[in-house]
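Geometric and topological summary
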Amino acid sequence: MIGVGKAKQYSNVLDKPLSKGKQEVSLSAFSFLFSELVQYNQTQVDNIAELERRLEDAGYSVGARVLELLCHREKGNRRETRLLGILSFVHSTVWKVLFGKVADSLEKGTEHEDEYMISEKELLVNRFISIPKDMGTFNCGAFVAGIVRGVLDGAGFPAVVTAHFVPVEGQQRPRTTILIKFAEEVLRREARLG
Amino acid sequence: MDTNDSLRVASLWHSMHAISQQLSPTVGCSGIELLEADTFDLHCFQSLTGTKFFVVSEPGTQHMEALLKVIYELYTDYVLKNPFYEMEMPIRCELFDLNLSQAVQKDRVALLGR
């Protein structure tokens, strides 16, 4: 008989387990949507700094939700309390889920104690975007910086996160670096925990 | 060839293409695909939306249709997905130029063996 082994019926929709969902989204669909996001924000602002802030804020909301979702799905509701723990969570798990691969590298800043850098040869969001010359150092990676800030803030590690282009010799396109600068209290807490 | 000249050629070609579509003796014609002259060949590709891509090459060059299809793909990727490109304006996208010269270079190497 067909359908003998039926799935367990849930009386309440809230009792159903969260589905994994579709793992893949069309890159073109995302690129068009992101392009429209940038264009929409461009019409609302007067200068580039404002545009960057808006993209970051958009990413912040994504980051906060991604943290909740991934903590439940991937880590079995365990909370990261150490700095390196949360950084490697962002570098591997978050990147894997959002962009399909782990970030290229995670480095500690040499000049300041509170700076860490996640580098990527080319951010997925920037793949089809060419910044016109008159926009200077604007980077659409500000969206990704916002995502990272959302994740860190939600996990209890307040930080200032920015995206920068770093020119690399031998390559025409510059590398992108997400610079994470943690707040004072995070370092103090980390020192206390040993 | 500077921007003004390109605009002039493009508008000339657009009008010729439209006129030829009306004048054509064959039924269901969609416009000029190939123009052969003494010193050059002009291959044209029209997308479903009516955007036309044309390539001016040396007489007798092969495989230009394939090149035009590649260029169409590059256009949809690096120009249309770029938030800083305004429709109908001349294309000033770094990535598009980069990939375009790479595609033409690859084509040249494949065809001429150098």
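Model, not experiment: these values are computed from the prediction.

With that settled, the discussion passes to the state of the cysteines. Residue and element names in this part refer to chain B. Taken as a whole and judged by the stated rule, the model has zero disulfides over all chains. For cysteine 44, which is in no disulfide, the shortest distance to another cysteine sulfur is to cysteine 29 and amounts to 11 Å. Classification of cysteine 44 as buried rests on a relative accessible area of 8%.

Time to look at the nonpolar core. Residues A:Trp95, A:Leu152, A:Ile178, A:Ile180 and A:Phe182 are the most contacted members of the largest nonpolar core, which totals 45 residues. Elements with a contribution of two residues or more to this core: helix H1 (27-44), helix H2 (48-73), helix H3 (83-99), strand E2 (115-120), helix H4 (142-154), strand E3 (159-166) and strand E4 (175-182) of chain A. Counting residues in each nonpolar core, the second largest holds 17 residues, with B:Phe53, B:Leu67, B:Leu68 and B:Ile71 among its members.

Let's shift gears to the side chain of A:Ser130. Following the sequence through the fold, A:Ser130 ends up in the loop between E2 and H4. A distance of 3.2 Å separates a polar side-chain atom of A:Ser130 from the backbone nitrogen of B:Leu95. Once residues lying within four places of it in the same chain are set aside, the contact partners of A:Ser130 are B:Asn82, B:Phe84, B:Cys93, B:Glu94 and B:Leu95.

All right, on to the sheet that holds strand E3 (residues 52-57) of chain B then. Residues and elements named next belong to chain B. Read across the open sheet, the three strands follow the order E1-E2-E3; overall the sheet is antiparallel. Where the open sheet ends on each side, the last strands, each with one partner, are strand E1 (34-36) and E3. Between one strand and the next, the sheet's axes are offset by a mean angle of 15 degrees, whatever the strand orientation. Bridge analysis of E1 against strand E2 (residues 41-46) gives three bridges, and the strand direction is antiparallel. Its bridge partner being in E2, leucine 35 is matched across the sheet by leucine 42. Lying over the sheet, helix H1 (residues 3-23) contacts E1, E2 and E3, oriented at roughly 110 degrees with respect to E3. Sitting on the sheet, helix H2 (residues 64-79) is in contact with E2 and E3, with an inclination near 135 degrees to E3.

What counts, and where the lines are drawn
Residues numbered from 1 in each chain as written. Chains lettered and ligands numbered in written order. Predicted model: local features only at pLDDT ≥ 70, side-chain atom pairs only at ≥ 80, totals over all residues. Heavy atoms only, no water. Disulfide = S-S within 2.5 Å. Buried < 20%, exposed > 50% of the residue type's maximum accessible area, 1.4 Å probe, protein only. Core = buried A, V, L, I, M, F, W, Y, C linked by side-chain atoms within 4.5 Å. Helix = DSSP H or I, 4+ residues; strand = E, 2+ residues; numbered from the N terminus. Polar contact = N/O pair within 3.5 Å; in protein donor to acceptor, adjacent residues only side chain to side chain. Contact = heavy atoms within 4.5 Å. Pairing = 2+ DSSP bridges. Axes fitted to C-alpha atoms, helices over the stretch in contact; angles between N-to-C directions.

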